[in-house]
Structure formats: C-alpha cells, structure tokens
Amino acid sequence: MKKYIYIFVAIFIISLFSFQGFGQLRFRQQLIAAESAESVGVFDVNGDKIVDIVSGSYWYEGPVYLKRHLIGQVERVSEYFDDFSTIPLDVNGDGKMDFITGGWFGKTLQWRENPGNDQEWKLHNIAVTGNIECTQAWDVDGDGMNEIVPNTPGNPLIYYSLKRDKNNPSTGEFLTTKVAEKQGHGLGFGDINGDGRGDFIVSNGWLEAPVDRKNQAWKLHTDFTLNEDGSVPIIVADVNLDGLNDLIVGHGHSYGLDWYEQKQVGKNIKFSKHAIDPFHSQYHTMEWVDIDNDGKMELVTGKRYRAHNGNDPGSNDPMELCYFKWNGESFTKNVISNGVFGKGKGTGLFFSVTDLHNTGRKDLILAGKDGLYVFFNDGL
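Not measured: the values here are computed from a predicted model.

Here the focus is the packing of aromatic side chains. The tally for this structure, following the rule as stated, stands at 13 aromatic pairs. Taken together, a centroid distance of 5.8 Å and an interplanar angle of 50 degrees make the contact between Phe-99 and Trp-121 tilted. Within this pair, whereas Phe-99 is found in strand S9 (residues 98-102), its partner Trp-121 is found in the loop between strand S10 (108-113) and strand S11 (122-128), the two being separated by 22 residues in sequence. Here the aromatic cluster, defined as three or more aromatic residues joined through ring pairs, consists of Trp-138, Phe-189, Phe-200 and Trp-218. The ring centre of Tyr-58 lies 4.2 Å from the NZ or CZ of Arg-68, which sits over that ring. Over the ring of Phe-81 we find Arg-76, and its NZ or CZ is 4.4 Å from the ring centre.

This is the structure:
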C-alpha cells in the first residue's frame, strides 16, 4: 500500500511542477504582420491613451494591433529596410509622439514627425553620422532626459541632445557632443567605476565620463577587448550582485553570448570573461528587464534572423527567443520560442518590452526578417 502512496505522491509532484512550467513563463504568440522591417517601438500614436506598435512603414493600432496605418515608405536595400531603431521622442514639442531612426545605408540619423492624422510622417534629418548599426537612448549627461546615441562603426562616437528652452521643452533641434574619434561594432552605457556617472562601453575598452561631460575629455580605459561584432546594446549591470557592474555582450554576427565579471584589484579594474551561451549565433540585441516580476532582472535576447542576408555563421540555424535567469552562479536559459523559419521567432535588430494590455506583466514585441510578432506574457 505504501508503494502506491509513494507513486501517487510522486505523480502529484511531477504534475504540479509540470502545471507551473517549472517556474518558466508562458507566452502567447500573435502574428501582427508578415513584414521584414527589423525594428519596432511601442507608444501612443493617436492620443487615445492606448499604446500602439510602430514598425517599418506602418503603425498598428492598439489594443488589437491588426488595423495598420501607413507611416511612409522606408528605403529598401537588398533584404534590409534601412530603419534600424524606433525610439519614441516628441521632438518638436507638439504633444504628439515622434520617433528616432536611421540606418546603415543612408548613413543619417533621422526623426519621423507624427502628423496626428493619416497623412504620411515627414522625415527629418538630424545629422550625417556614417553607417548606423543601431541607435540607443540613454541619459548621458544626467539631466533626466535621454540623449540619442547611434553606434557607427569606424566613425566618431557622438551623442545628440534635444535642445530645450524655458518656453518649449522640445524645439526640434539637436546639440552634438563628441565622446571619441572612433568606435567599433557594439555599444553600451553604464557606470563602470561607481562614481555615479554613466560611462560608454566600446569594443576596445570603456570611456570614463568626466564631471563636465560636454566640455571635458572622456578617458579611454583599455581594461578589456570585446569581440568585433558586439551587441547593441552591451548591457552594463551587476550580474552577480557583488556591488560592481559587469558587462553582457552578444556576438551579433557569429556564435556566442558572454558576460564579463568586473573585479577590482587595488585601484585597478579588471574583467573576467564567462560564457553564457556559446551555441547560438547572432545575439545582436538584448534587454535587461524583470520579465517575470520576481524583483530580479533577467536577460531577454535571441537570434537575429539573416543579419547579413544569410552570410553569418549559423545564419540558417533555427530561430530562438529566450530569457536567462541568474541562479547565483551562472545563467539558466529559458526558451520562449525555437524553430525553423516560420515556426521559431528571433529578436530582429531593435525590439520592445512593455505591458501592452495593463496586465501587470511585460510583453515582448519583436520585428525582423522573420515577421512582426507579439509574445503576450501569461505569467507562470
């Protein structure tokens, strides 16, 4: 009799864990459009207090996201739409949300002006920058407002600040600040040395922020050398909770995902490299976010599909979307989507994480050459 009781208890425990997915989140996958733009942003386009999805030539009206509106034609080069970021920003201060973009082929940082109706969005040039791998938004100067920072390999590292005055918080003009004469593929931002100021992470080290970030020189520290195809962004975060910020870097055009542990030896800063996942390629973009609402941050990332039109190592491997949890010693991988083209889903070049339907859970919105999708977070 005891034997059967033990068997029943074992089956019950296995069933319980199976029902809870072993603590792994459940996601519902919804196809929004079979478009091949690689960037997607989320913001309220039409002022109805409901967030919409903006990607490529169209915006998709919330909360269902099936009705689409034309933004304007995006230049196409080979397999690419030359639109490598979707950063929401009311550039001209008219109360309607615009967005920042730019691409590799046009070599120009731009913004699209929200007309407030169904007319096409006017495209404005901010600066000729050189080839743009991707663009990020960070509060570089510590004033509480984000600056715009394009990753332009082989060109200067420059950030762009929206000019503001007392009468109009957004003027439509941008001020430029040069940080370095040259940057490589991959870019990150965060406080490396604990002085309260954000530093830039580039392929050959980190650039220490001066007190006066606009007028004083940024000092390069060659404490590490990253891979030549670094992710955008490179994550700066205290992974192992030892009080020192570490780095998380993907290989955007080859195999591998790593974290670099910061160690302080006297007054010197050193970094020790640890593999997270050496078995998948094209980890080109990622987000550091509390995706499961446990109060701890997770790494959300995955494979970019056909980053170089099928010419990268592993380009034809199955797509994958996943999140990694720090378990106290290493990262544990949790797969959200995996499969060949048409079944699995990758990250694209620039994706969004936000609570679309006010459920209290963060959803994933992903573009790419493998389509535009939403992964609704159903929790544990």
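Turning our attention to the sheet that holds strand S3 (residues 52-55). Taken together, four strands build an open sheet; the order of strands is S2-S3-S4-S5 and the sheet is antiparallel. A single partner strand is all that each edge strand has here, and the edge strands are strand S2 (41-43) and strand S5 (68-70). Each strand of the sheet is rotated relative to its neighbour by a mean of 25 degrees, with strand direction disregarded. Note: S2 against S3, three bridges, orientation antiparallel. Each residue of the ladder has a partner; that of Gly-41, found in S3, is Val-54.

A separate point is the sheet that holds S10. The strand order S8-S9-S10-S11 describes an open sheet built from four strands, whose pairing is antiparallel. The sheet is open, and its two borders are formed by strand S8 (87-89) and S11, each paired with just one other strand. The sheet shows a mean angle of 30 degrees between the axes of neighbouring strands, taken without regard to direction. Pairing analysis gives four bridges linking S9 to S10, with the strands arranged antiparallel. Bridge pairing in S10 places Thr-101 opposite Gln-110.

Reading the values: rules and limits
- Residues numbered from 1 in each chain as written.
- Predicted model: local features only at pLDDT ≥ 70, side-chain atom pairs only at ≥ 80, totals over all residues.
- Heavy atoms only, no water.
- Phe/Tyr/Trp six-rings, centres within 6.5 Å; stacked < 30°, edge-to-face > 60°.
- Helix = DSSP H or I, 4+ residues; strand = E, 2+ residues; numbered from the N terminus.
- Lys NZ or Arg CZ within 6 Å of the ring centre and 35° of its normal.
- Pairing = 2+ DSSP bridges.
- Axes fitted to C-alpha atoms, helices over the stretch in contact; angles between N-to-C directions.

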